[in-house]
Amino acid sequence: PKSVPHERSLYRYGATSNNDNLYIIGGGNTLVENENGGDSQDANQILKYNTTLERFETEAIMPNRKFFADASIVNDKMYVFGGSESMDHLGTDDIYIYDMTTGSINAAYQMPTNVNHTFTSTTENMIIVGGSRWFDVNGDDASFDDVDHFESFLGIFDTTTNQFTELDLPFDDINRNTIQQVGVNGDYLYVVYGDTEAQSDGLKHYSVQVANIADIR
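Residues numbered from 1 in each chain as written. Predicted model: local features only at pLDDT ≥ 70, side-chain atom pairs only at ≥ 80, totals over all residues. Heavy atoms only, no water.

Visitor: Help me understand the overall build of the chain, please; the structure alone is not making it clear to me.
Guide: Within the chain, the regular secondary structure consists of one helix and 15 strands. For the chain, whose C-alpha radius of gyration is 17 Å, the value lies close to the compact-globule estimate of 17 Å for 217 residues. Taking the principal axes of the C-alpha coordinates as reference, the chain spans close to 45 × 45 × 40 Å. Evaluated residue by residue, the chain yields a buried proportion of 45% over its 217 residues. A separation threshold of at least 6 residues defines the contact pool for the chain, and within that pool the share at least 24 residues apart is 43%. Accessible area of the chain: about 11100 Å², with a carbon and sulfur share of 41%. The chain carries 12 positive and 34 negative side-chain charges, and their two centres are separated by 7 Å. (Helix = DSSP H or I, 4+ residues; strand = E, 2+ residues; numbered from the N terminus. Rg over C-alpha atoms; globule rule 2.2 N^0.38 Å. Buried < 20%, exposed > 50% of the residue type's maximum accessible area, 1.4 Å probe, protein only. Contact = heavy atoms within 4.5 Å. Areas by Shrake-Rupley, 256 points an atom, 1.4 Å probe, with all protein chains shown as cover. Lys, Arg positive; Asp, Glu negative; His and termini not counted. Charge placed at Lys NZ, Arg CZ, Asp CG, Glu CD.)

What follows is the structure, given as structure tokens:
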């Protein structure tokens, strides 16, 4: 592999790929340390990496800025889920459907609740959406700087019907633990779960939960 420099400072973004193309969703495309709480004014962009010119180009403009929002592509449509509009904003329930053929974005669909940080993976026409909701000490929705504890979230979006179904989770969130990633391999869903902060040994500890896709549809 080789390392290729580019003009973007990327942080707190989502990412997905299709064929030979890499896409970056929102995040700190131009890092501003002292303005807007470190938020990027370009965080409403979907960027496409041009492998020939070895640089990012603007693929589309989303209705709002997005941080911590992940996406997946099914049948030439990109689905962007949740995330936050800035570091000092609460999570959102938005589902953006970007038609990669026409260039249009449909923002008419929502998840059943706000989700601050999302991860996605696909199986056939279904998108698995995992992530976390953030709460302050009073149990109210929190922004990035006010998080006291987390609540894991898992659901399935059916791209043929545009219906979202939230799933029950077999574990309770304690000690600031939450879902850290989701992935599909074959007939199985893998959910990475664990610490958001290092424990007394200086390490973050994770477990992997496994489920048969047929059991959660």
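Visitor: Got a minute to help me understand the sheet that holds strand S6 (residues 77-81) in this structure?
Guide: The pairing of strands in a sheet happens through backbone hydrogen bonds and is either parallel or antiparallel. In space, the four strands of this open sheet follow the order S5-S6-S7-S8, with antiparallel pairing throughout. On the outer flanks of this sheet lie strand S5 (70-74) and strand S8 (105-115), each paired with one strand and no other. Looking at each pair of strands side by side, their axes are set apart by 20 degrees on average, direction ignored. Note that S5 and S6 share five bridges and pair antiparallel. Across the sheet, the residue bridging to Ala 71 is Val 80, located in S6. (Pairing = 2+ DSSP bridges. Axes fitted to C-alpha atoms, helices over the stretch in contact; angles between N-to-C directions.)

Visitor: Can you help me understand the sheet that holds strand S2 (residues 21-25) in this one?
Guide: As summarised here, the arrangement of the four strands in space is S1-S2-S3-S4, forming an open sheet in which the pairing is antiparallel. Edge positions in the sheet fall to strand S1 (14-18) and strand S4 (55-61), since each of these pairs with one other strand and no more. The sheet shows a mean angle of 30 degrees between the axes of neighbouring strands, direction not considered. In terms of strand pairing, strand S3 (residues 45-50) meets S4 through six bridges, oriented antiparallel. Bridge pairing in S4 places Leu 47 opposite Thr 58.

Visitor: I tried to follow the nonpolar core on my own but got confused; where do I start?
Guide: Residues Ile 128, Leu 154, Ile 156, Ile 179, Val 182, Leu 189 and Ile 216 are the most contacted members of the largest nonpolar core, which totals 14 residues. Counting only elements with at least two residues in this core, the list comes to strand S10 (126-135), strand S11 (149-158), strand S13 (177-185), strand S14 (188-195) and helix H1 (213-216). In terms of residues, this core owes the most to one element, S14, which gives three residues. Ignoring sequence-local partners within four residues, the contact set of Ile 179 consists of Phe 119, Gly 130, Gly 131, Ser 152, Phe 153, Leu 154, Leu 169, Phe 171, Val 191, Val 192 and Tyr 193. (Core = buried A, V, L, I, M, F, W, Y, C linked by side-chain atoms within 4.5 Å.)

Visitor: I keep staring at the packing of aromatic side chains and nothing clicks. Help me out?
Guide: Tallied over the entire structure, the rule returns eight aromatic pairs. Both rings, one in Phe 68 and one in Trp 134, keep their centres 5.3 Å apart while their planes meet at 75 degrees; by these two values the pair is edge-to-face. Highlighted residues: Phe 68 in the loop between S4 and S5 and Trp 134 in strand S10, separated in sequence by 66 residues. Here the two residues Phe 68 and Trp 134 agree in accessibility, since each one is buried. When the ring of Phe 81 is compared with that of Phe 157, the centres are 5.7 Å apart and the planes differ by 70 degrees; the resulting orientation is edge-to-face. Of this pair, Phe 81 sits in strand S6 while Phe 157 sits in strand S11, placing them 76 residues apart in sequence. (Phe/Tyr/Trp six-rings, centres within 6.5 Å; stacked < 30°, edge-to-face > 60°.)

Visitor: Would you mind showing me how to read the side chain of Ser 152 here?
Guide: When you line up the elements, Ser 152 lands in strand S11. For Ser 152, a relative accessible area of 7% gives the class buried. A polar contact is formed between the side chain of Ser 152 and the side chain of Thr 178, at a distance of 3.2 Å. Here Ser 152 is in contact with Gly 131, Ser 132, Leu 169, Phe 171, Asp 173, Thr 178, Ile 179 and Tyr 193, once residues within four sequence places are set aside. (Polar contact = N/O pair within 3.5 Å; in protein donor to acceptor, adjacent residues only side chain to side chain.)

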